[in-house]
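Remarks on the overall topology
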Amino acid sequence: MSDLKDPRVLFAAERTLLAWNRTSLALIAFGFLVERAGLLMRVLAPEQSNSIEAITTFWIGLAFILLGVIAATYSSKQYSSVLKTLNTQEYPAGYNAKWGMAINLLIALLGVLLITGLYAGRT
């Protein structure tokens, strides 16, 4: 990808990964909020809430969480592809470029566990 022998290429790729990290976290948090909104509506106004609203908010919330998991996983894959194209001169001495990817994959795993827990709590 690059023969610049400049570590700024690595840092640009890492900034992009971290932007996707924030996006995936926001999607997961928003999905959890949407899923819990259905529960809140049932608690605050049980006579006005119906099961279709609760089912809808549940599945839409899980869909947002899953979208966050996919974003975290795919961005880690893309970052890994970029790292493979860099040469050794583009890595600063002693710098471990894989921590951001590991955090993204951990967020994806936690998102899957959140989906599993919400789904298990629903049934």
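The shown structure was predicted, so the numbers you read here are calculated from the model rather than taken from an experiment.

**Description of the overall build of the protein chain**
Along its length, the protein chain carries 3 helices and 0 strands. Start at the N end of the protein chain and walk to the C end: the helices and strands fall as α-α-α. For 123 residues, the compact-globule estimate of 2.2 N^0.38 gives 14 Å, and the C-alpha radius of gyration of the protein chain, at 19 Å, exceeds that figure by more than 25%. In terms of its C-alpha atoms, the protein chain occupies a principal-axis envelope of roughly 65 × 20 × 20 Å. Considering only residue pairs separated by 6 or more positions, the protein chain has 84% of its internal contacts joining residues 24 or more positions apart. Averaging the locations of the 10 positively and 7 negatively charged side chains of the protein chain gives two centres separated by 5 Å.

**Quick word on the pattern of salt bridges**
Under the criterion given, the structure shown has 1 salt bridge. The shortest N-O distance in the salt bridge between R36 and E35 comes to 2.7 Å. Taking relative accessible area as the criterion, R36 reaches 33% and is therefore assigned partly exposed.

**Comments concerning the packing of helix α2 (residues 51–85) against helix α3 (residues 99–122)**
Closest axis-to-axis distance for the α2/α3 pair is 9 Å, and the angle between their directions is 160°. By the angle between their axes, α2 is roughly antiparallel relative to α3. At the point where α2 passes α3, the crossing takes the left-handed sense. Split into classes, the residues belonging to the contact of α2 with α3 amount to 18 nonpolar, 6 polar and 1 charged.

**A look at the packing of aromatic side chains**
Per the stated rule, a full pass over the model turns up 5 aromatic pairs. Relative to W59, the ring of F58 has its centre 5.1 Å away and its plane inclined at 80°; by these criteria the two rings are edge-to-face. We classify F58 as buried; its relative accessible area is 2%. For the ring pair W59 and Y119, a centre distance of 6.0 Å and an interplane angle of 55° mean the geometry is tilted. Separated by 60 residues along the polypeptide, W59 in helix α2 and Y119 in helix α3 bring together distant segments of the chain. Through pairs of rings, three or more aromatic residues link up here, namely F58, W59 and Y119. We note R122 situated over the ring of F58; from NZ or CZ to the ring centre the distance is 4.7 Å.

**Considerations on the confidence of the model for the protein chain**
Per-residue confidence for the protein chain gives a mean pLDDT of 89, with 94% of residues at or over 70. Considering each helix and strand of the protein chain separately, the mean pLDDT is smallest for helix α1 (residues 8–44), with a value of 91, and largest for α3, with 95.

**Details of the nonpolar core**
Counting 10 residues, the largest nonpolar core is built from I28, F58, L62, I65, V69, A72, I107, A108, I115 and L118. Residue assignment for this core shows that the elements contributing at least two residues are α2 and α3. For F58, the contacting residues outside a window of four places in its chain are E35, L118, Y119 and R122.

**Description of a nonpolar patch on the surface**
A contiguous nonpolar patch, built from I103, L106, L109, L110 and L113 and spanning about 460 Å² of accessible area, is present on the exposed surface. The residue L109 is located in helix α3 in this model.

What counts and how
Residues numbered from 1 in each chain as written. Predicted model: local features only at pLDDT ≥ 70, side-chain atom pairs only at ≥ 80, totals over all residues. Heavy atoms only, no water. Helix = DSSP H or I, 4+ residues; strand = E, 2+ residues; numbered from the N terminus. Rg over C-alpha atoms; globule rule 2.2 N^0.38 Å. Contact = heavy atoms within 4.5 Å. Lys, Arg positive; Asp, Glu negative; His and termini not counted. Charge placed at Lys NZ, Arg CZ, Asp CG, Glu CD. Salt bridge = Lys/Arg side-chain N within 4 Å of Asp/Glu carboxyl O. Buried < 20%, exposed > 50% of the residue type's maximum accessible area, 1.4 Å probe, protein only. Axes fitted to C-alpha atoms, helices over the stretch in contact; angles between N-to-C directions. Parallel < 35°, antiparallel > 145°, perpendicular 65-115°, else oblique. Left-handed = near helix turned anticlockwise from the far one by under 90°. Nonpolar A, V, L, I, M, F, W, Y, C, P; charged D, E, K, R; others polar. Phe/Tyr/Trp six-rings, centres within 6.5 Å; stacked < 30°, edge-to-face > 60°. Lys NZ or Arg CZ within 6 Å of the ring centre and 35° of its normal. pLDDT = per-residue confidence, 0-100. Core = buried A, V, L, I, M, F, W, Y, C linked by side-chain atoms within 4.5 Å. Patch = residues over 30% accessible without salt bridge, like charges linked within 9 Å, V, L, I, M, F, W, Y side chains within 5 Å. Areas by Shrake-Rupley, 256 points an atom, 1.4 Å probe, with all protein chains shown as cover.

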